[in-house]
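The residues making up each chain are set out below.
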Amino acid sequence: MEEERYSCDVLVIGTGAAGCRAAIEASEHSADVILVAKGVFGKSGTTNLACVVYDAALGHADPKDSPQIHFEDSVIYSRFLADQDLVRTFTWGAPKTVYDLERYGLSWYKTEDGRFYQLNSPGLRYNRGVHYNETTGKKVQTALVREIKRSTRRNIRVIEDLFIFQLLTEEGAVTGAVGLDLQRDRFVIIQAGGTIL
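Residues numbered from 1 in each chain as written. Predicted model: local features only at pLDDT ≥ 70, side-chain atom pairs only at ≥ 80, totals over all residues. Heavy atoms only, no water.

1. Quick notes on the overall build of the protein
Spelled out, the test is: Here a helix means four or more residues in a row that DSSP labels H or I, a strand means two or more in a row labelled E, and each is numbered from the N terminus. Residue contacts are defined here by distance: any two heavy atoms, one from each residue, within 4.5 Å place the two residues in contact.
Broken down by element type, the protein carries four helices and eight strands. Ordered by position from the N terminus, the helices and strands of the protein form the series β-α-β-β-α-α-β-α-β-β-β-β. For the protein, the C-alpha atoms occupy an extent of roughly 60 × 35 × 30 Å along the three principal directions. Here the contacts in the protein between residues at least 6 apart in sequence split such that 62% fall between residues at least 24 apart.

What follows is the structure in structure tokens.
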């Protein structure tokens, strides 16, 4: 069977919201990025199916809300099982993500005076869920895909229809991945300085 080889600074496996955002972030730090989709870029994955709100302590529903209170609510709601360092990273970074997505073209629901319309989520003291409507996940995915496709300053190569089935390792460190090109029936080997699943 034929094989094809690529190399990059950062390999991102998965093109849902997390994968797209990771690719954008890596490219903003001048990394050469390969973003791998198991199906059609922008259409495969579960983000398109998500009809959820995105919690961010913007303080628009109540000015007393803050990332610290969001952190506390999340830790308590997880019954102290969540990794608190990761929860802190998420809750303190969530407001920036909302504004990034808006900059990428997502039109969040807002009040007449321009503030974000925020819904309540279970276990939270304040309304902090920003949303579009029942298609919030699809709108998030569309904004991220559009940003990756339209930006000439980003060094992101997208490979579609590639089923990654093995990570490459050397001395215990991940150095890339091997996949099967589902359209051309050939192996693809990607060497990478860093790999994000």
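2. Some remarks on the sheet that holds strand β8 (residues 186-196)
Rules: Here a strand pair is declared whenever DSSP counts at least two bridges between the two strands. Throughout, an axis means a line fitted to C-alpha atoms (over the contacting stretch in the case of helices), and angles, computed between N-to-C directions, take values from 0 to 180 degrees.
Strand order in this open sheet of six strands is β5-β2-β1-β8-β7-β6, and the pairing throughout is mixed. With one partner strand each, in any of the chains shown, β5 (156-159) and β6 (162-170) form the two edges of the open sheet. Shown here is a sheet whose adjacent strand axes are inclined to one another by a mean of 35 degrees, direction ignored. Both β6 and strand β7 (residues 173-181) contribute to a ladder of eight bridges, which runs antiparallel. Paired with E170 across the strands is A173, a residue of β7.

3. Quick notes on the side chain of D65
Cut-off, in case you're wondering: Nitrogen and oxygen atoms within 3.5 Å of one another constitute a polar contact, given that in protein one can donate a hydrogen and the other can accept it, and given that sequence-neighbouring residues count only through two side-chain atoms.
Note that D65 resides in the loop between β3 (54-55) and α2 (67-77). One polar contact links D65 to R128, side chain to side chain, over a distance of 2.6 Å. When sequence neighbours within four positions are dropped, the list of residues in contact with D65 reads A57, G59, H70, Y126, N127 and R128.

4. Brief notes about the packing of aromatic side chains
As a reminder, the rule being used: For Phe, Tyr and Trp, where Trp contributes only its six-membered ring, two rings pair if their centres lie within 6.5 Å, and the inter-plane angle classes them as stacked under 30 degrees, edge-to-face over 60, or tilted in between. Using a 1.4 Å probe on the protein chains alone, a residue whose accessible area is under 20% of its type maximum counts as buried, one over 50% counts as exposed, and one in between counts as partly exposed. Ring-over charges, as used throughout, are those where CZ of Arg or NZ of Lys falls within 6 Å of the ring centre and within 35 degrees of the ring normal.
Here the structure, examined in full by the defined rule, presents four aromatic pairs. Ring plane angle 20 degrees and centroid distance 5.5 Å describe the contact between Y109 and Y132, whose orientation is recorded as stacked. Of this pair, Y109 sits in the loop between α3 (84-103) and β4 (129-130) while Y132 sits in the loop between β4 and α4 (136-150), placing them 23 residues apart in sequence. Residue Y132 is classed as partly exposed on the basis of its relative accessible area, which comes to 22%. Taking the ring centre of F71 as reference, the NZ or CZ of R88 above it sits at 4.2 Å.

5. Considerations on the nonpolar core
Applied cut-off: Among the buried residues, those of types Ala, Val, Leu, Ile, Met, Phe, Trp, Tyr and Cys that are joined through side-chain atoms within 4.5 Å form a nonpolar core.
Judged by nonpolar contacts, the single largest core of 27 residues is most densely connected at V33, L35 and W108. Broken down by secondary-structure element, the contributors of at least two residues to this core are β1 (3-13), α1 (17-28), β2 (33-36), α3 and α4. Residues in contact with V33, not counting those within four places in the same chain, are V10, V12, A23, A26, S27, N155, I156 and R157. Within the second largest apolar cluster, twelve residues are counted, among which are I13, V36, I164 and A192.

6. A look at the environment of R125
By secondary structure assignment, the location of R125 is in the loop between α3 and β4. The spatial distance from the C-alpha of R125 to the C-alpha of L162 is 43 Å, given a sequence separation of 37 residues. The residues touching R125, leaving out its near neighbours within four places in the chain, are I69, E72 and D73. At 3.0 Å, the side chain of R125 and the side chain of E72 are in polar contact. Polar side-chain contacts of R125 include one of 2.7 Å to the side chain of D73.

7. Focus: the pattern of salt bridges
Counted only if it meets this: The salt bridge definition used is simple: a Lys or Arg side-chain nitrogen within 4 Å of an Asp or Glu carboxyl oxygen.
Taken as a whole and judged by the stated rule, the model has 18 salt bridges. The partner of E25 in a salt bridge is R21, with the nearest N and O atoms 3.2 Å apart. Taken as a pair, E25 and R21 lie in helix α1 at a separation of four residues, close to a single helical turn. Residue class for E25 comes out partly exposed when judged on its relative accessible area of 31%.

8. Focus on α4
The condition is simple: Here the expected length of a helix is defined as 1.5 Å per residue gap, with one fewer gap than residues.
The terminal C-alpha atoms of α4, which comprises 15 residues, lie 21 Å apart, in line with the 21 Å expected from a rise of 1.5 Å per residue. Of all the residues in α4, the buried ones are T136, G137, V140, Q141, A143, L144, V145, E147 and I148. In this fold, the buried residues of α4 make contact with α1, β2, α3 and β5.

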